[in-house]
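# Examination of the molecular architecture
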Amino acid sequence: MKKGFILLALIFCASLLFADGGPTPETGEVEVLHWWTSGGEAASVAVLKELLEAEGHTWKDFAVAGGGGDQAMTVLRSRAVAGNPPTAAQVKGPQIQDWAAEGFLTNLDDVAEAENWDGLVPKVIADIMKYKGNWVAVPVNVHRINWMWVNPEVFKKAGAKIPKTWAEFEMAAKKIQAAGMTPVAWGGQPWQEITVFETIVAGVGGTDFYNKTMVQADPSAINSPTMVKCLETLKMMKQYTDPGAPGRDWNLATAMVIKGEAGMQFMGDWAKGEFTAAGKKPDVDYIATHAPGTSKQFLFNVDSFIMFEVKDPSAKEAQKAMARLILEPKFQEVFNINKGSIPVRMGMSEDPFDIPAQLSMKDFTASAKTGDLVPSMAHEMATSRAIRGAIMDTVTAFYNSDMRAKDAAAQMANAVRSAQ
Ligand code: GAL
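Treat the numbers as computed from the prediction; the structure is a model and nothing was measured.

Rules behind the numbers
- Residues numbered from 1 in each chain as written.
- Predicted model: local features only at pLDDT ≥ 70, side-chain atom pairs only at ≥ 80, totals over all residues.
- Heavy atoms only, no water.
- Phe/Tyr/Trp six-rings, centres within 6.5 Å; stacked < 30°, edge-to-face > 60°.
- Helix = DSSP H or I, 4+ residues; strand = E, 2+ residues; numbered from the N terminus.
- Pairing = 2+ DSSP bridges.
- Axes fitted to C-alpha atoms, helices over the stretch in contact; angles between N-to-C directions.
- Contact = heavy atoms within 4.5 Å.
- Domains from an automatic or database assignment.
- Buried area = accessible area lost by both parts, 1.4 Å probe.
- Salt bridge = Lys/Arg side-chain N within 4 Å of Asp/Glu carboxyl O.
- Buried < 20%, exposed > 50% of the residue type's maximum accessible area, 1.4 Å probe, protein only.
- Core = buried A, V, L, I, M, F, W, Y, C linked by side-chain atoms within 4.5 Å.
- Right-handed = clockwise from strand over helix to strand, strands pointing away.
- Near = heavy atom within 4 Å.
- Polar contact = N/O pair within 3.5 Å; in protein donor to acceptor, adjacent residues only side chain to side chain.

### Notes on the packing of aromatic side chains
- Scanning all chains against the criterion turns up 18 aromatic pairs.
- Measuring from centroid to centroid gives 5.8 Å for Phe104 and Phe308, while their planes differ by 70°, and the two rings are edge-to-face. Placement of Phe104 in the loop between α4 (95-101) and α5 (109-115) and of Phe308 in the loop between β13 (304-307) and α15 (313-326) is noted, with a sequence separation of 204 residues between them.
- An angle of 80° between the planes, with centres 5.9 Å apart, marks the rings of Phe169 and Tyr240 as edge-to-face.

Structural data, given as structure tokens:
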């Protein structure tokens, strides 16, 4: 009789515990919006899915194809406006602040405190992830923009030397062209064009000029002879691209270098993810080196995830698990090896990483000391979307028309001024 009563009482208490407001169930679903759909990118994001599912959570994939994420951001905004955002989304740079200011985001301070994120993430990056001092995003990696991806066989066949300056680039490109191959694998999409353009701005103009134009977006620095030179350098490259360039996806451009159809590509180190996915080895099958004139600089691009405010306690648990896993050493190692980036978590061993990643790790620290660690404009780390859009529209219009470089510099300054 007494035993039966105790059992009933236990069942009653348990039912109270799991009713609304009681302890949360342990597993739930996260719907993740991202744009990682190329071979290397898909292999990388699969790592996070596996780790999350190993803890019993469910990963609902919401991939929006389109390199650089412009399409993904349009879809994200329309879903949020319709009151139906995903639970997690790949969002970067100053946009994180915008989403937080609009009250969409989950505060991640409890995970951050438990895991000591402040002690693990470089301050320059942690600051981007916080809104009013609270963690509202979790960083995934550090990509570098100013790389040149070289097929050594193509260079050898053409008798060309790997360029360190833009003058040397022209000499090499002429030789490759004369040997019947495409010098530059070009992806003719606006975000790719500004990716190459900002690398030229850093290399031709130097770090101060880059900061004045691409970070502070100062119209008088933009409308200048140095900017004209940068634009002319960009236009000069066009004659070394192939007729298939317009509209080409970045990973298809990388494939041209992998297959030996083109000599080089200028792209961030997500391109390395494609070489890795194709089983290619650095310094054997391909060479990764600084884009001309940028050996000291590190144009950084940090991927990150924001979590949208949700009511369902099990979804909250899944969001927290995802946030925690992203900064754990296991994910940081495997993901970044596949992705081509370097860990954002400090103190990770360099040993499992390849030569370009080790170079990137060394340069990240060195450039931070010399003031040459600068945020990427093209990848939304530096300015508002409106200013990036103004620069992008002008550069693309200039690259794809007969516009004079002098007029393009003036137009860019005006467009930036009205976006401010
Ligand atoms: C960048 C992003 C990278 C890579 C690239 C191409 O903006 O940070 O992770 O995915 O786009 O899609």
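### With respect to the sheet that holds strand β3 (residues 88-90)
- Spatially, the five strands line up as an open sheet ordered β2-β1-β3-β13-β6, and their pairing is mixed. With one partner strand each, in any of the chains shown, β2 (58-63) and β6 (137-139) form the two edges of the open sheet. The sheet shows a mean angle of 20° between the axes of neighbouring strands, direction not considered.
- Note: strand β1 (residues 29-34) against β3, two bridges, orientation parallel. The partner of Val32 across the bridge, within β3, is Ala88.
- Lying on the sheet, helix α2 (residues 39-54) is in contact with β1, β2 and β13; it crosses β2 at an angle near 155°.

### A look at the domain arrangement of the protein
- Taken domain by domain, the protein comprises domain 1 (27-144 + 301-359) and domain 2 (147-300 + 378-419).
- Summarising the inter-unit geometry, the C-alpha centres of domain 1 and domain 2 are found 27 Å apart.
- Contacts between the two partners involve 31 residues from domain 1, matched on the other side by 31 residues from domain 2.
- When domain 1 packs against domain 2, close to 2700 Å² is buried across both sides, 57% of that on carbon and sulfur atoms.
- Per-residue buried area on domain 1 facing domain 2 is highest for Arg144, Asn301 and Pro356; these three make up 29% of the total on that side.
- Where domain 1 touches domain 2, the interface holds three salt bridges.

### Regarding the environment of Ile326
- Looking at the secondary structure, you find Ile326 in helix α15.
- A sequence separation of 284 residues divides Ile326 from Ala42, and the C-alpha atoms of the two residues are 16 Å apart.
- Once residues lying within four places of it in the same chain are set aside, the contact partners of Ile326 are Leu48, Val138, Pro139, Val140, Phe305, Phe331 and Gln332.

### Notes on the pattern of salt bridges
- Under the defined criterion, the tally for this structure stands at 19 salt bridges.
- Of the charged contacts in the structure, one is a salt bridge between Arg248 and Asp242, with a shortest N-O distance of 2.7 Å.
- A relative accessible area of 17% means that Asp242 is categorised as buried.
- Put simply, Asp70, Glu380, Arg385 and Arg388 are held in one network by salt bridges that share partners.

### Some words on the nonpolar core
- Counting 71 residues, the largest nonpolar core has Phe169, Phe197, Met227, Met237 and Phe266 as its most contacted members.
- The biggest single contributor to this core is helix α10 (residues 190-215), with ten residues.
- When near neighbours in sequence (up to four residues on either side) are disregarded, Phe197 contacts Met214, Met227, Cys230, Leu231, Leu234, Ile391, Val395 and Met412.
- If you look at the next biggest cluster of nonpolar residues, it comprises 62 residues, including Val45, Ala80, Met129 and Trp135.

### Structural notes on the pairing of β2
- Across six bridges, β1 lies against β2 in parallel orientation. By the bridge assignment for β2, Glu31 is matched with Lys60.
- Regarding the hand of the β-α-β motif, the stretch spanning β1, α2 and β2 is right-handed.

### What about the site of the ligand?
- Glu41, Lys92, Asp303, Lys339 and His379 are the nearest of the 13 residues found near the ligand.
- His379 places a side-chain nitrogen or oxygen 2.8 Å from an oxygen atom of the ligand.

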